[in-house]
Amino acid sequence: MIQYSLKCAAGHEFDSWFQSAAAFDKLAAAGMVSCALCGGTDVEKAIMAPRVRPGRKAVSAVGEPERRAADHSAADGSTAAPVPAAPAPAASALTSPGMLSRPSGEVEKALSELRKKVEENSDYVGDSFVKEARAMHLGEAPERAIHGEAKLEDARELIEEGVPVMPLPFRPGRKSN
């Protein structure tokens, strides 16, 4: 498994895991890698810092007691001040999501809130959105708040028929790969 920092054409940055570098290339070429915020499929790898794990000694030094002054005796018999142990990382730093997993700007936060409200207050009908919206408009189905997917031509037809629809500025939160 490999984790990549990604960036879409709209400038949104996010991260995702892939089975391998070749798997990312194959999925990206097929248009199956989409932005987590806007749904755009023009996604490329972003610059990222390498993840380097410290050696065993560096990890085990976290939380060890301070060394004694006698352990630091110089050749001339003088002693040095005690060396404090490295502070343990804060628990919240270990459990909080990565910076790329959270919305960073005001627009991204607003879109995230909008998406949350839409998903909480409406039914996802998937590809049958056009059929469901038309049936509700004609009185053949009970009215309720729905969201789903529609082709551009089908959405235009709904609008021309007077069906109140509105495009959402994000893609449904379903897996596409």
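Numbers given for residues are sequential positions, taken from 1 along each chain in its written order. For a predicted model such as this one, the threshold for reporting local features is a pLDDT of at least 70, and the threshold for listing and counting side-chain atom pairs is 80 or more; totals across whole chains, interfaces and linings nevertheless cover every residue. As a rule here, side-chain values cover all heavy atoms of the structure and leave hydrogens and water aside.

Draft legend 1. Focus on the pairing of strand β4 (residues 123-126). Two strands pair if DSSP finds at least two bridges between them. In this description a helix means any DSSP run of H or I spanning at least four residues, a strand means any run of E spanning at least two, and both kinds are numbered starting from the N terminus. Taken together, the three bridges between β4 and strand β5 (residues 146-148) define a ladder with parallel strand orientation. Bridging from a neighbouring strand, Asp 123 pairs with Ile 146 of β5. Every crossover in which the path from the first strand over the helix to the second runs clockwise, viewed with the strands pointing away from the viewer, is termed right-handed. Once the chain exits β4 it traverses helix α5 (residues 129-137) before rejoining the sheet at β5, and the crossover so formed is right-handed.

Draft legend 2. Fine view of the sheet that holds strand β2 (residues 13-18). The antiparallel open sheet is built from three strands, whose spatial order is β2-β1-β3. Looking at which strands have only one partner, the edges of the open sheet turn out to be β2 and β3 (43-45). Averaged over neighbouring strand pairs, the angle between their axes works out to 40 degrees when direction is ignored. Note: strand β1 (residues 2-8) against β2, six bridges, orientation antiparallel. Each bridged residue has a counterpart across the sheet, and for Ser 5 the counterpart in β2 is Asp 15. Across the sheet, helix α1 (residues 21-29) lies against β1, β2 and β3, angled at about 30 degrees from β1, the strand it touches most. A fitted line through C-alpha atoms serves as each axis, taken over the contacting stretch for helices, and the angle formed by two N-to-C directions is quoted from 0 to 180°. It only takes one pair of heavy atoms within 4.5 Å for two residues to be counted as in contact.

Draft legend 3. Focus on the packing of α5 against helix α6 (residues 152-160). Following both chains from N to C, one finds α5 and α6 inclined at 5 degrees, their axes separated by 10 Å at the closest point. Comparing their axes, α6 and α5 come out roughly parallel. For the pair α5 and α6, contact is made by Phe 129, Val 130, Ala 133 and Arg 134 and by Asp 154, Glu 157 and Leu 158, respectively. For the contact of α5 with α6, a count of residues per class yields four nonpolar, no polar and three charged. When an angle is under 35 degrees it counts as roughly parallel; over 145 it counts as roughly antiparallel; between 65 and 115 it counts as roughly perpendicular; any other value is oblique. Each residue receives one of three labels: charged for Asp, Glu, Lys and Arg, nonpolar for Ala, Val, Leu, Ile, Met, Phe, Trp, Tyr, Cys and Pro, and polar for the others, Gly being one of them.

Draft legend 4. How the structure looks around the pattern of salt bridges. Throughout this description, the term salt bridge denotes a Lys or Arg side-chain nitrogen within 4 Å of a carboxyl oxygen of Asp or Glu. Following the criterion strictly, the structure yields four salt bridges and no others. Between Arg 115 and Glu 119 there is a salt bridge whose closest N-O contact spans 3.1 Å. Here Arg 115 pairs with Glu 119, and both are found in helix α4 (residues 106-121), just four residues apart, close to one helical turn. The exposure class assigned to Arg 115 is buried, which follows from its relative accessible area of 17%. Here Glu 119 falls in the partly exposed class, since its relative accessible area comes to 38%. The network of salt bridges with shared partners includes Asp 123, Glu 132 and Arg 144. Using a 1.4 Å probe on the protein chains alone, a residue whose accessible area is under 20% of its type maximum counts as buried, one over 50% counts as exposed, and one in between counts as partly exposed.

Draft legend 5. The packing of aromatic side chains, seen in detail. Whether two aromatic rings pair depends on their centres lying within 6.5 Å, for rings of Phe, Tyr and Trp, where Trp uses its six-membered ring; planes under 30 degrees apart make the pair stacked, over 60 edge-to-face, and the rest tilted. Applying the stated rule across the entire model yields three aromatic pairs. Taken together, the aromatic side chains of Tyr 4, Phe 18 and Phe 24 make up a single cluster linked through ring pairs.

Draft legend 6. Looking closely at the confidence of the model for the protein. pLDDT expresses how confident the predictor is about each individual residue, on a scale running from 0 to 100. Averaged over the protein, the pLDDT score is 75; the fraction of residues at 70 or greater is 67%. Mean pLDDT values over the elements of the protein span from 44, in helix α3 (residues 91-95), up to 94, in α5. The low-confidence segment residues 64-96 (pLDDT under 50) makes 26 contacts with residues lying over four places distant or belonging to another chain.

Draft legend 7. Just the environment of Gly 40, in detail. Relative to the assigned elements, Gly 40 resides in the loop between α1 and β3. With a relative accessible area of 26%, Gly 40 lands in the partly exposed category. Between the alpha carbons of Gly 40 and Phe 170 there is a distance of 8.8 Å; along the sequence they are 130 residues apart. Those residues within four positions of Gly 40 in sequence are excluded, and the remaining contacts are Val 33, Ser 34 and Cys 35.

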